[in-house]
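Next come the chains, spelled out residue by residue.
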Amino acid sequence: MLAIAALLLPLLQVLAPSAARAAAPGDVVEATPTTVYLAPGRLLEVPVRAWHLRYRSTSAVGGSNVVSGTLLVPKSGYLGKRPIVGYAVGTHGLGDQCAPSAAMANGTELELAFVSLMLLKGWAVAVTDYEGLGTPGDHTYMAGRSQAHAVLDSIRAATRVPDAGLASGGPVVIMGYSQGGASAGWAAQLQPSYAPELRLRGVAAGGVPADLKKVAENVDGGGDFGLAAAAGLGFDAAYPELRLADYLTPEGAALFADARDDCVDDLRDKLAGRTLTDLTTQDVMNRPDWSARLQENRLGATRPSVPVFVWHGTGDEIIPIGVSRTLRSEWCAKGGTVTWTSVPAPSHVLGAVEGGPLAIAWLAGRVLGLPAFGNC
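Just so you know, these numbers come straight off a predicted model, no measurement behind them. (Residues numbered from 1 in each chain as written. Predicted model: local features only at pLDDT ≥ 70, side-chain atom pairs only at ≥ 80, totals over all residues. Heavy atoms only, no water.)

Is there a simple way to explain the nonpolar core in this structure?
Taken as a class, soluble globular proteins show a tendency for nonpolar side chains to be buried jointly. Of all hydrophobic cores here, the largest spans 117 residues; its most connected members are Leu71, Tyr87, Ile174 and Met175. Here the element with the most residues in this core is helix α7 (residues 225–238); it accounts for nine residues. Setting aside chain neighbours within four positions, we find Leu71 in contact with Arg49, Ala50, Trp51, Leu53, Val125, Ala126, Ala158, Val161, Ala164 and Leu166. (Core = buried A, V, L, I, M, F, W, Y, C linked by side-chain atoms within 4.5 Å. Buried < 20%, exposed > 50% of the residue type's maximum accessible area, 1.4 Å probe, protein only. Helix = DSSP H or I, 4+ residues; strand = E, 2+ residues; numbered from the N terminus. Contact = heavy atoms within 4.5 Å.)

Can you walk me through the packing of α7 against helix α9 (residues 264–271) in this structure?
Think of two packed helices as two axes; the pair is described by the angle between the axes and how far apart they sit. Interaxial distance between α7 and α9 falls to 7 Å at its minimum, and their mutual angle equals 110°. In terms of orientation, α7 lies roughly perpendicular with respect to α9. The crossing of α7 and α9 is right-handed. Contacts from Phe225, Gly226, Leu227, Ala229 and Ala230 of α7 reach α9 at Val264, Leu267, Arg268 and Leu271. When grouped by side-chain class, the residues that make up the contact of α7 with α9 number seven nonpolar, one polar and one charged. (Axes fitted to C-alpha atoms, helices over the stretch in contact; angles between N-to-C directions. Parallel < 35°, antiparallel > 145°, perpendicular 65-115°, else oblique. Left-handed = near helix turned anticlockwise from the far one by under 90°. Nonpolar A, V, L, I, M, F, W, Y, C, P; charged D, E, K, R; others polar.)

Sorry, what's going on with helix α3 (residues 112–120) here?
Because an α-helix packs 3.6 residues into every turn, residues spaced three or four apart end up facing the same way. Those residues of α3 not exposed but buried are Leu112, Phe114, Val115, Ser116, Met118 and Leu119. Positioned one or two residues after α3, Gly122 has a phi angle of 90°, which is positive.

For this particular structure, what's the right way to read the pairing of strand β11 (residues 338–343)?
Walk down a regular strand and you will see the side chains alternate between the two sheet faces. Examined bridge by bridge, strand β10 (residues 308–313) and β11 share six bridges and lie parallel to one another. Counted as the bridge partner of Gly313 is Val343 from β11. (Pairing = 2+ DSSP bridges.)

Explain the sheet that holds strand β6 (residues 84–88) here, please?
Sheet strands pair by backbone hydrogen bonding; their relative direction is either parallel or antiparallel. The strand order across the open sheet formed by nine strands is β1-β4-β5-β7-β6-β8-β9-β10-β11, and the pairing between neighbours is mixed. One side of each edge strand has no neighbouring strand; the edge strands of this open sheet are β1 (28–34) and β11. Strand-to-strand twist across the sheet, computed as the mean angle between neighbouring axes with direction ignored, equals 20°. Note: strand β4 (residues 48–58) against strand β5 (residues 64–74), eleven bridges, orientation antiparallel. Following the sheet pairing, Ala50 is matched in β5 by Leu72.

What exactly am I supposed to notice about the side chain of Asp262 here?
Mapped onto the elements of the fold, Asp262 is located in the loop between α8 (250–259) and α9. Of the residues examined, Asp262 reaches a relative accessible area of 5% and is grouped as buried. The contacts of Asp262, once residues within four sequence positions are left out, are Gly93, Leu94, Gly95, Cys98, Leu267 and Lys270.

Looking at this model, I keep getting lost on the packing of aromatic side chains. Mind explaining?
Aromatic rings considered in pairs are described by the distance between their centres and by the relative angle of their planes. Tallied over the entire structure, the rule returns five aromatic pairs. With a centroid separation of 6.4 Å and an interplanar angle of 10°, the aromatic rings of Phe235 and Trp290 are classed as stacked. Of this pair, Phe235 sits in helix α7 while Trp290 sits in helix α11 (residues 288–296), placing them 55 residues apart in sequence. Taken as a pair, Phe235 and Trp290 share a single burial class, namely buried. Through successive ring pairs, a cluster of aromatic residues spans Tyr177, Phe309, Trp311 and Trp362. For the cation-ring pair, Arg156 lies above Tyr194, with the distance from its terminal atom to the ring centre recorded as 5.0 Å. Positioned above the aromatic ring of Trp362, the side-chain terminus of Arg366 is 4.8 Å from the ring centre. (Phe/Tyr/Trp six-rings, centres within 6.5 Å; stacked < 30°, edge-to-face > 60°. Lys NZ or Arg CZ within 6 Å of the ring centre and 35° of its normal.)

Is there a simple way to explain the pairing of β10 in this structure?
Taken across its six residues, β10 has six buried, putting it largely inside the fold. Alternating residues of β10 divide into Val308, Val310 and His312 and Phe309, Trp311 and Gly313, and every residue in both groups is buried. Across four bridges, the pairing between strand β9 (residues 199–206) and β10 is parallel. Residue Ala204 lies in a different strand from β10, and its bridge partner there is Phe309. For the segment spanning β10, helix α12 (residues 321–333) and β11, crossover handedness is right-handed. (Right-handed = clockwise from strand over helix to strand, strands pointing away.)

In this structure, what is going on with a nonpolar patch on the surface? I would like to understand it.
On the surface, Leu38, Leu43 and Leu44 cluster together to form a nonpolar patch covering roughly 300 Å² of accessible area. Mapping Leu43 onto the fold places it in strand β3 (residues 43–45). The exposure class of Leu43 is partly exposed, given its relative accessible area of 49%. (Patch = residues over 30% accessible without salt bridge, like charges linked within 9 Å, V, L, I, M, F, W, Y side chains within 5 Å. Areas by Shrake-Rupley, 256 points an atom, 1.4 Å probe, with all protein chains shown as cover. Salt bridge = Lys/Arg side-chain N within 4 Å of Asp/Glu carboxyl O.)

Where do I start with the pattern of salt bridges in this structure?
Pairing is possible between side chains that carry opposite charge, provided their charged atoms lie close to one another. Applying the stated criterion across every chain, the model contains 16 salt bridges. The shortest N-O distance in the salt bridge between Asp262 and Lys270 comes to 3.2 Å. Ionic contacts of the salt-bridge type, sharing partners, join the residues Asp153, Arg156 and Glu197 into one network.

Any chance you could explain the environment of Ala99 here in plain terms?
Assignment of secondary structure puts Ala99 in the loop between β6 and α2 (100–106). The contacts of Ala99, once residues within four sequence positions are left out, are His92, Asp129, Leu133 and Gly134.

This is the structure:
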């Protein structure tokens, strides 16, 4: 029997390599080759090698989870270790069908315009779907730690896809706008403690909703109130003790239940003009439990681990530019290397369009190892 066991042991180690160590954040659960398209109708195939990923990550409260995403790697060679970008998308919605990986496979992902600029530089790009968007469970929309973990672990996962040919220890940068800007900012703050092995060189964050309470107050009663409602649902998913359902009116309960699987356009249309007071029985945001979680998710309390590029549109109607200016001041006061720029965009969406290329150019300098000079 001992002889048989000795013969079977190598085979078992091949069939179950995970037995050698416990599962860890960034471990790949599944990597399936996929095709990415630039236009609806699955037109204009992006000429890259791509994989749909499911990988391990960590929730906002430290629990183990599995997150999905997409890895894109240029077909051309690269001299040295190929840089990896952790790309954090902006708001897509709450339903699985809204996930960036689904949009890229269908040719409806608008942020591929920025991703393509990075691919043209020879960089690999890991695009997370975030927790609960494309995987079982509710999307923990705007829970900063969950989103940052998903971004950082997408980079780890990229180096663990055998056929991708991405070496660990290469240069890493992170970029995101809006929800993605918050995710990128949180990644900058958490990387030293959560993923210290990553050689993070710079983070670009635009239109950053650094203070969710101020953003919610700004959109309350307006056309974008659905985004505040989505954040309420996201927090409720991330922090079960908040028990949002206990404080909703019957109408609020029906509207919020309907919103749980909506994409961003439906969220805006269905909830436009509503207020939190209309739909709740208490001042939820000022309850001690909600206030504590909102404060915990306020960016700026920790100095970023690397140089950061922060940009914001002067005419942003969703996230007031003052929110980003406060973030800049707080990071600067803590000794961060912050390059701040405002762009003359008349809207939140155009802020991404005008500032995105500037951010990518700034990140290129970090990839090359050039020094960053902030303008605090």
